Structure formats: C-alpha cells, structure tokens
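Next come the chains, spelled out residue by residue.
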Protein chains: 2
Amino acid sequence: MSKRPPPPSAHDVARLAGVSQAAVSRAFTPGASIAAATRDKVLEAAKALGYRPNLLARSLIKGRSGIVGVVIGTHYPFFLTALDALSTRLSRAGKHILIFTVEGDATADAHVEDLLKYRVDALLLMAASLSSKLAQRCRDEGVPIVSFNRPARKVQGFASISGDSVGGGGKIAAHLLQQGYRRLAFMAGVTETSTNREREAGFTDHLIIQGLPAPVREVGHFRREGAIEAARSLLSRRPRPDAIFCANDDMALATIEVARYEFGLEIGRELGVAGFDDIEQAAWPSFNLTTYSLPVDAVIERVAAILLASDAAEPPAFSMVEGELKVRRSTQRD
Amino acid sequence: MSKRPPPPSAHDVARLAGVSQAAVSRAFTPGASIAAATRDKVLEAAKALGYRPNLLARSLIKGRSGIVGVVIGTHYPFFLTALDALSTRLSRAGKHILIFTVEGDATADAHVEDLLKYRVDALLLMAASLSSKLAQRCRDEGVPIVSFNRPARKVQGFASISGDSVGGGGKIAAHLLQQGYRRLAFMAGVTETSTNREREAGFTDHLIIQGLPAPVREVGHFRREGAIEAARSLLSRRPRPDAIFCANDDMALATIEVARYEFGLEIGRELGVAGFDDIEQAAWPSFNLTTYSLPVDAVIERVAAILLASDAAEPPAFSMVEGELKVRRSTQRD
DNA sequence: GTGAAAGCGCTAACAT
DNA sequence: ATGTTAGCGCTTTCAC
C-alpha cells in the first residue's frame, strides 16, 4: 500500500518542460546563466510535478551538506532558547541542524562519528565534550568545531566560546562578602567539568585572596535532586554557613526551597543564596535569585557567525563572553 | 589554508586493501556476503585511512536518508525531555534528527519543505501545525507524519498522538468542584490552538453539565507574561473567583505568584489553582501545583515506534494518551 | 544560453 | 565470495 513512489527528478521536469536536465538544474541555481523564458518554463513544469531538488544529490557533488551538527548536553540550561536562536539564524542561511543529546558527562564522540558520515559543514558542541583525537580528525577533514561552555581544546581550528565562569565566580564571592556574609559555602556541580572547576576556582580564589578560608563544600551534580541532599548537608553543619553559592541556578533554586521549607530559614536575611546562569526561574518572585547571567542570544549570534563563516576563514581560537551579575533579594541581608 | 581535502572514499580503501570497491561496501554492510579475511583487510585499510562511509551517497541510492525531521513549537513544555528520549531511541536505530523550531502559531510548512528536500524518512511535529496541502504531499511521497499535541488531520496516513486534553480538562473541573470551589475561572492559552480549545472544552462542558455557569475567562497566551496580566484581571473581579484553571502549567505558576505576592492570597485555602502538563516545577514545594500529567516518555516511545515502523506498516490514525490528575496542595481548601 | 557528457561515493544486480 | 557494471539525482565543465 505505502510503496514509496520515487519523487519526480530533474529529468522528469526536463522532459515535461522540453529542455535538458542541465537547464533544470540551472533554473534552481541562483546565479546560473539561463534565459528568463526557459527558467519560467522549467519552474512551471516543476510545480506541476511537485518537483523538489534532492539536496542529498547536491551535497554529494559539493562535498558539503548544508547541515550543521549539534551535540548538546542535557545539563545545558538554555537548550530551547539557544536552539531556537540558532535554528532561526541558520535557516536563513539555508543551513540545517542535525541534533543529538548527550547525557551528563558522556563524550560526544559516538555522535560526532555519525555526523561526519553525513559530511556536516560544521559542528557545535554545547555543554558536551569531545575526545581530542576526534577533534583532531575533524580538523583534518576541514570540519570547523565550535565548542560552547567547554574548555578550549589544544587543537588548532577549534573555536571555543565560554561564559566567563572564573570572573563570574569571583564576582559572586565579592558580592557575598560585601553584603556581609562571612561563613560561605560552595555547592559544586559535576566536579570534573570545566564549567564547575572554573566557577569554583573564581569563587574560592577570591576568598583566599581576601585572606578568608576556603568555603565549605558539597557536591550537587548540577541537578535538583543532588542539590537537595547537598543543601541539607550544608545547612546541618555547625556553624551553619550564612551564604551558599551554587554552581548553577537549578541547584540554587532547590537550595532556597530546602532552606525555606525544611529549615525555616528566611532567604537573604538568614541565608544568602546565589546561583549561576540566570535561568528564567531565577527572576520569579518566589526565588528572586542573585546570579550571574550569560547573554545567550549574544553568544548564539557569535556561534552562528563562526558556523556560517566561509570555510576559508581561520576560526577564532577562543573567546570569552562576559556575563553580568544580577543582584536580587536572595542575597539581601536586611 | 583550510581548503577542504576530500575525505577518503571507498575507492581509496579498495586500492590500499587490494580489493574491489564493492568489497569495501560489503565490508561495511552488516548482512553482506564477504569472507572474514577480506573484511578484516578492508577494515584495516579503512582505519589506516580514516575512512567513513558517506551516508549522503548511500541515501541517494536508497532514496531514504535515515533522517527524521522534527519540527517543534517553542511553546512545547517537554522539549528537552522529549528530544532527549527521541534522540536516544532513534540513534539506536541508526536514525538521526534534523530539527527546526517554530515560534508560536507559525505553520511548519517552510521547514517541512526543506526537510522534504533531504528526503527525510519521516516527520514529527510537536506542538506545531502543518497546512493540509503539504500534509497531503507528504503522504503522496510516502513520508509518514506523526503529529503530537495537534489535532488529527483529516488526511490519510497522518498519525496523530495527543494527550487527553478534553478528559483532562473535565477531570480538573470535577476535582475543583469536589474540593468545594464554586466561582471557577479559566485562563486560556492561545485561543485558536486545538490544545487550548480542547482543554477549555473539557473544563467548561463539565461545569455546564453540572448545571453551573460557564467560567469567567481571560487569555494568557500560554506565556508567563500574558498570564500575569490575566491573573491580575481575574483576581480583581468582584466577586473574585475562588479557583482558576490555567490551560498550562507555565501560566498556573505565574498565577500562583501573582495571587500570593500581589494579592496576598493563600493558595489552596483562599484560591485554588490548577494547571495542565505537570512540568517539573509544578512539583516544587514553592508551588505544589495540582495539574494533569502527560506521560511524556510513554508518548515518545509510541512516537518512536511509529517513526521506526517499516514503511509498509499502515500508520495508526489517531491515538490518545491518557494522563493522570496530580492532586497537590494548590487545590486543598483546608 | 543551452545541451551533452562526466562524475560525486556509494549500492545492487549480474557475472564469474 | 568477489569483481564488473550500471546507475541514484544532481552540478559542472565543455562545446556549441
């Protein structure tokens, strides 16, 4: 019943229009030299048949598919925003997104292998990492890679864009101290990730430079469930910390709720809480979370620019996007 | 500098291995008849050269690309969850996802046109709609379409899966009445969408059948900002509604916050609030939102099954997924 | 401006 | 089991 009938080919259109198959190709190629009359004939025939150029065939010839491979970690907070912005941007340029998700700390290698088989024009890794061996091979094959929120690879031709995690962590520390909090704690995400390491380093280093002890610490794995445990543990210590910096907002929101509903603490006055990312919920009145915001749209714009750059262009090695400290009530003591 | 060097082809591998090019193809085709010895030779040569079969070429021959096109509306609440589940599921079957996002009520037509040019094996529309003209053409070309959370199309071969919106709306109504709420209000999403219409119909019809007046009503467009306005308006009415059913959870959460922080109402006792979808935040202690849950994983499983079904299979016309009423504290009067 | 012909990298008969 | 051959649907010389 549902035997797939082969879609009309350029040949079919050519026959109907009474021209050569090459003419059909030219009619669908923007800059091609073809008489307006012939093009119209072709387009009419094409419409009649419901012809649509087969991009696979075109890609086979050109060696480029018009497809951008995206591998995105399931931890990434701006998933939808980022993908939407990117999709819109790339669509305009006639590019498309072949997407994969990776769970947690898994490497993107397997997916990237697949992507290369489709001769993708470029790769974007968001909160996902790649073995340097594969990264090297991508470079060899001329596939530019843009990595977002992962450390710059030591491989040439690997563009890396990151939010300023170190600086952000430092600004949070400075802000908490300035607000008068003194017994600071840090809730780590997934310890091994660069994202976590940098946020923690920025925070801890600032404290140490100020002559303060390193903060108490628990690990929450960037997840709500982990954060609930970690928060209970931190808040049960004696002396109790008077402020907690969580490596991302998800954990910070969970921390606020544990503190408020399980420990009866007043957020801000009795316990300062700060996060990182400025996700949508951080600004909700229930939370009013002080956090460090990454300008997602600006970042995506930069990513898109690199992905769309002519292949001849030398990819920029590394760039850091400054965020902004968003001070809200979760760190107001009075 | 970055002239793209053509990747090694099957020919190159054949030459190095001292076999025919066809043998290389066979070495990479699971069921093919080839001597173990030859395959090993080929695989070794392939590894040496870094050969990877070009899927575009394969697709060109087979007429199917191994790609599933996904168009997803930016309103869709389970975006990440759904995509992750789907990606994992399809990867196992060697299929990949070409994705597009559509803003609001825009039709997916333009994107679907693009997708067809890539000879996608199937289409999945999540909270996005397609003109019936294009849907018909997909059917003609043998591209199965699965539509999630949009009304069943009147076109053959168009599988449609939906959460039970009508039933859910009814259950919410029954629950609110049973809790003793009497002055019910409804906050609509985007009025024209089937999602909204069905949720509203289920709710309103139940009330009318019970001999109650139709609920007061405002439109929140499925968005937080819209919901804030709508909630203010509803809560300023005299007599004030004592319960609000919002067409999705995003709006319900906003409503809770407006009621609590702007009107000083105690949620549950003074104002019942119910939502729809059971998004993650609904269960957070700050909200404890009563809502109707859709079993996303189960749905995706069903979607994947259809997408992966052999083309010969007749696509199931329409199927409804039952959800479950999640009663939480936002609708407890005492 | 247009057609004929070659070929992108692969699979699928068809021989052997 | 393996090599040979013919395309898949298109773009791109190259003549005209």
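Rules and cut-offs
Here the residue numbering is sequential within each chain, running from 1 through the sequence in written order. Throughout, the order in which chains and ligands are written sets their labels, letters from A for the former and numbers from 1 for the latter. The model is predicted, so local features are restricted to residues of pLDDT at least 70 and side-chain atom pairs to those at 80 or more, both for listing and for counting; the totals for chains, interfaces and linings are taken over all residues. Placing a C-beta atom from the backbone of each residue, we mark the residue near a molecule or strand if the atom is within 6 Å of it. Runs of E in the DSSP output that reach at least two residues are strands. Runs of H or I that reach at least four are helices, and both are numbered from the N terminus. Gly falls in the polar group here, along with every residue not listed as nonpolar (Ala, Val, Leu, Ile, Met, Phe, Trp, Tyr, Cys, Pro) or charged (Asp, Glu, Lys, Arg). Only when DSSP finds a minimum of two bridges between them are two strands counted as paired. Here an angle of 0 to 180 degrees is reported between the N-to-C directions of two axes, which are lines fitted to C-alpha atoms, with helices fitted over the stretch in contact. Throughout, a pair of residues is in contact if the C-beta atoms placed from their backbones lie within 7 Å. Expected helix span is given by 1.5 Å per residue-to-residue step, counting one fewer step than there are residues. To sort residues by exposure, count the other C-beta atoms lying within 10 Å of each residue's C-beta; 20 or more gives buried, 12 or fewer gives exposed, and values between give partly exposed, all with C-beta atoms placed from the backbone. The arc in question is traced by the directions running from the helix axis to the C-beta atoms. The crossover handedness rule: strands pointing away from the viewer, path from first strand over the helix to second strand clockwise, crossover right-handed. In this comparison the copies share one frame, found by least squares on the C-alpha atoms of residues holding pLDDT of at least 70 in both.

Glancing now at the protein's contact with DNA strand C. Not every one of the 25 residues close to DNA strand C is listed here, only the nearest: S33 and A35 of chain A together with A10, S25 and A57 of chain B. Among the elements of the structure, α2 (21–27) and α4 (55–62) of chain A together with α2 (21–27) and α4 (55–62) of chain B are those that each provide at least two residues to the surface near DNA strand C. When residues of the surface near DNA strand C are assigned to their parent elements, the largest contribution, five residues, is made by α4 of chain B. A class-by-class count of the residues in the surface near DNA strand C yields 15 nonpolar, eight polar and two charged.

With respect to topology, twelve strands assemble into an open sheet ordered β11(A)-β5(A)-β4(A)-β3(A)-β1(A)-β2(A)-β2(B)-β1(B)-β3(B)-β4(B)-β5(B)-β11(B), the strand pairing being mixed. Each end of this open sheet is capped by a strand with a single partner; those strands are β11 (318–321) of chain A together with β11 (318–321) of chain B. Strand-to-strand, the axes of this sheet are offset by a mean angle of 20°, without reference to chain direction. In this sheet, strand β5 (residues 158–163) of chain B lies alongside strand β4 (residues 145–148) of chain B in parallel orientation, the contact comprising four bridges. Counted as the bridge partner of I145 of chain B is F158 of chain B from β5 of chain B. Along the sheet, helix α12 (residues 296–308) of chain B contacts β1 (67–73), β3 (122–126), β4, β5 and β11 of chain B; its crossing angle with β4 of chain B, the most-contacted strand, is approximately 165°.

This paragraph deals with helix α3 (residues 36–49) of chain B. All names here are of chain B. Helix length check: α3, at 14 residues, gives a terminal C-alpha distance of 20 Å against a target of 20 Å (1.5 Å per residue), a fit within 8%. All of the buried residues in α3 are V42, A45 and A46. Taken down its axis, α3 places every buried residue within 105° of arc, on the same side. When the buried face of α3 is taken as reference, the exposed residues oriented beyond 90 degrees from it are A36, A37, K47 and A48. The secondary structure elements touched by the buried residues of α3 are α1 (10–17) and α2. Phi turns positive, to about 75°, at G50, one or two residues after α3.

Our focus in this paragraph is the pairing of strand β2 (residues 96–102) of chain A. Burial within β2 of chain A is extensive, with seven of its seven residues counted as buried. Covered by surrounding structure in β2 of chain A are H96, L98, F100 and V102 of chain A together with I97, I99 and T101 of chain A, the residues of both alternating faces. Pairing of strand β1 (residues 67–73) of chain A with β2 of chain A involves seven bridges; the strand directions are parallel. Residue pairing in the sheet places V70 of chain A in a bridge with I99 of chain A of β2 of chain A. Handedness of the crossover joining β1 of chain A and β2 of chain A through helix α5 (residues 79–92) of chain A is recorded here as right-handed. Where β2 of chain A lies against strand β2 (residues 96–102) of chain B, three bridges are found, and the strand directions are antiparallel. Across the sheet, the residue bridging to I99 of chain A is I97 of chain B, located in β2 of chain B.

Below, the discussion takes up the protein's contact with DNA strand D. Contacts to DNA strand D come from 25 residues, most closely from A10, A22 and S25 of chain A together with S33 and A35 of chain B. When contributions to the surface near DNA strand D are tallied by element, the ones reaching two or more residues are α2 and α4 of chain A together with α2 and α4 of chain B. Of the residues forming the surface near DNA strand D, the biggest block, five residues, is contributed by α4 of chain A. Residue classes in the surface near DNA strand D are distributed as 15 nonpolar, eight polar and two charged.

With that settled, consider helix α10 (residues 224–236) of chain B. Residues and elements named next belong to chain B. For α10, spanning 13 residues, the distance from its first C-alpha to its last is 18 Å, which sits close to the expected 18 Å at 1.5 Å a residue. Among all positions of α10, only G226, A227, A230, A231 and L234 are buried. Across the axial projection of α10, the buried residues extend over an arc of 130°, all falling on one side. Those residues of α10 that are exposed and angled more than 90 degrees off the buried face are E225 and S236.

Residues and elements named next belong to chain B. With respect to the element layout, A127 can be found in the loop between β3 and α7 (132–140). On the basis of neighbour count, A127 is assigned to the buried category, with 23 C-beta atoms found within 10 Å. Spatially, the C-alpha atom of A127 lies 8.9 Å from that of D105, the residues being 22 residues apart in sequence. Leave out the neighbours within four places in its chain, and A127 touches I72, G73, H75, Y76, N149 and R150.

The next subject is the relation of the copies chain B and chain A. Note on the chain copies: they are related by a rotation about an axis and a translation along it. Superposition of chain B onto chain A requires a rotation of 180° combined with a translation of 0.1 Å along the rotation axis, giving an RMSD of 0.1 Å. As the rotation angle and translation indicate, the two copies are arranged about a two-fold axis. Looking at the rotation axis and the C-alpha trace of chain B, the residue lying nearest is L98 of chain B, at 2.2 Å. Counting the interface residues of chain B, we find that 100% of their copies in chain A are interface residues as well, pointing to one common contact surface.

What follows covers the environment of A106 of chain B. Residue and element names in this part refer to chain B. Within the fold, A106 resides in the loop between β2 and α6 (109–117). The class of A106 is partly exposed, set by 15 C-beta atoms lying within 10 Å. Distance in space between the C-alpha atoms of A106 and A128 is 7.6 Å, their sequence separation being 22 residues.

The quantities given are spatial measurements derived from coordinates; they are silent on function.
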